[in-house]
Amino acid sequence: MSDALLVIDVQNDFCPGGALAVPGGDEVVPIINQMMERFGTVLLTQDWHPAGHSSFASTRAGAAPYDLVEMPYGPQVLWPDHCVQGSPGAAFHAELRSDADLILRKGFRPAIDSYSAFFENDRATPTGLDGYLRTRGITDLTLVGLATDFCVHYSAVDAARLGYAVSVRMEACRAIDLDGSLATATAAMINAGVRLF
Ligand code: VGL
Ligand code: ZN
């Protein structure tokens, strides 16, 4: 057994004052920093969109943030512009420890969003993270970060489906909670065999 801490999207745009602020998003930073000390392997993900990304409501006439639309790959929530490549909002929270082994960027293809650290939102295009973890012999993952009901949720479910033993430390996560999305995400993670603690 070899374990890793997977820190999801602890970036300025998901913290108070950011473009897609998650309530209490910055509160997870000291908790995650402390958890990092207990893991030999720490990985960070970074939401990393080109300007004009198709998940941005601003790219569609008549659309508003948080509208749900149909994309060729399935349903997609439209978001405020956020985590634009190289912008201050896309940077990690300034107090997040940066001594991680890997930074995995996702959401960089203009036509498709990527909530999960493993697959883009078509649930088929791999990010390469599975290969990285497998070749390093990592079998157990603990997930923390933002947002519980989107990127943490999809990453956890995909990891469980890929055969990892997955835990989510809820104290070190915060949710957007859009129309009950936190309850849906919690049920989906439990269903997939993810341990919430
Ligand atoms: C996320 C919405 C859009 C997340 C990323 O990190 O949960 N949510 N992009
Ligand atoms: Zn995003």
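Residues numbered from 1 in each chain as written. Chains lettered and ligands numbered in written order. Predicted model: local features only at pLDDT ≥ 70, side-chain atom pairs only at ≥ 80, totals over all residues.

Rules: UniProt positions are given in the numbering used here, feature names are shortened, and annotations may be inferred rather than shown by experiment.
Looking at an unreviewed UniProt entry, the protein chain carries the name nicotinamidase, with the source organism given as Ruegeria spongiae. Recorded under Pathway (unreviewed entry), the UniProt text for the protein chain is reproduced unchanged: "Cofactor biosynthesis; nicotinate biosynthesis; nicotinate from nicotinamide: step 1/1." As stated in UniProt under Sequence similarities (unreviewed entry), the record for the protein chain gives "Belongs to the isochorismatase family."

Observations concerning the sheet that holds strand β2 (residues 42–47)
Note the following rule: By the convention used here, strands pair only if DSSP detects at least 2 bridges between them. The numbering of helices and of strands both runs from the N terminus, where a helix is a DSSP run of H or I of at least 4 residues and a strand a run of E of at least 2. For the purpose of contact definition, each residue receives a C-beta atom placed from its backbone, and two residues are in contact when these atoms lie within 7 Å. With axes taken as lines fitted to C-alpha atoms, and helix axes fitted only over the stretch in contact, angles between N-to-C directions fall between 0 and 180 degrees.
Spatially, six strands are ordered β5-β2-β1-β6-β7-β8 in an open sheet, and the strand pairing comes out parallel. Two strands lie at the open edges of the sheet, namely β5 (102–106) and β8 (195–196), each paired on one side alone. Pairing geometry for strand β7 (residues 165–174) and β8, over two bridges, is parallel. Bridge pairing in β8 places S167 opposite R195. Against the sheet, helix α3 (residues 148–161) touches β1 (3–8), β6 (140–146) and β7, its axis set at about 170 degrees to β7.

Concerning the nonpolar core
Defined as follows: A set of buried Ala, Val, Leu, Ile, Met, Phe, Trp, Tyr and Cys residues, joined through C-beta atoms within 7 Å, is what we mean by a nonpolar core. Exposed residues have 12 or fewer other C-beta atoms within 10 Å of their own C-beta, buried residues have 20 or more, and partly exposed residues fall in between, where C-beta atoms are placed from the backbone.
Of all hydrophobic cores here, the largest spans 49 residues; its most connected members are L6, V7, I8, L143, V144, A147 and A156. When residues of this core are traced back to their parent elements, those giving at least two are β1, α1 (28–36), β2, α2 (129–135), β6, α3, β7 and α4 (181–191). Ranked by residues supplied to this core, first place goes to α3 with seven residues.

Quick look at the packing of α3 against α4
Inclusion rule: For classification purposes, an angle smaller than 35 degrees is called roughly parallel, one larger than 145 roughly antiparallel, one from 65 to 115 roughly perpendicular, and anything else oblique. Here the term charged refers only to Asp, Glu, Lys and Arg, the term nonpolar to Ala, Val, Leu, Ile, Met, Phe, Trp, Tyr, Cys and Pro, and the term polar to all other amino acids, Gly among them.
It is the contact of α3 with α4, at a shortest axis distance of 9 Å, that shows an interaxial angle of 10 degrees. Considering the angle they form, α3 stands roughly parallel to α4. Between α3, through T148, D149, H153, A156 and V157, and α4, the contact on the second element is made entirely by S181, L182, A185, A188 and M189. Classifying every residue of the contact of α3 with α4 gives six nonpolar, three polar and one charged.

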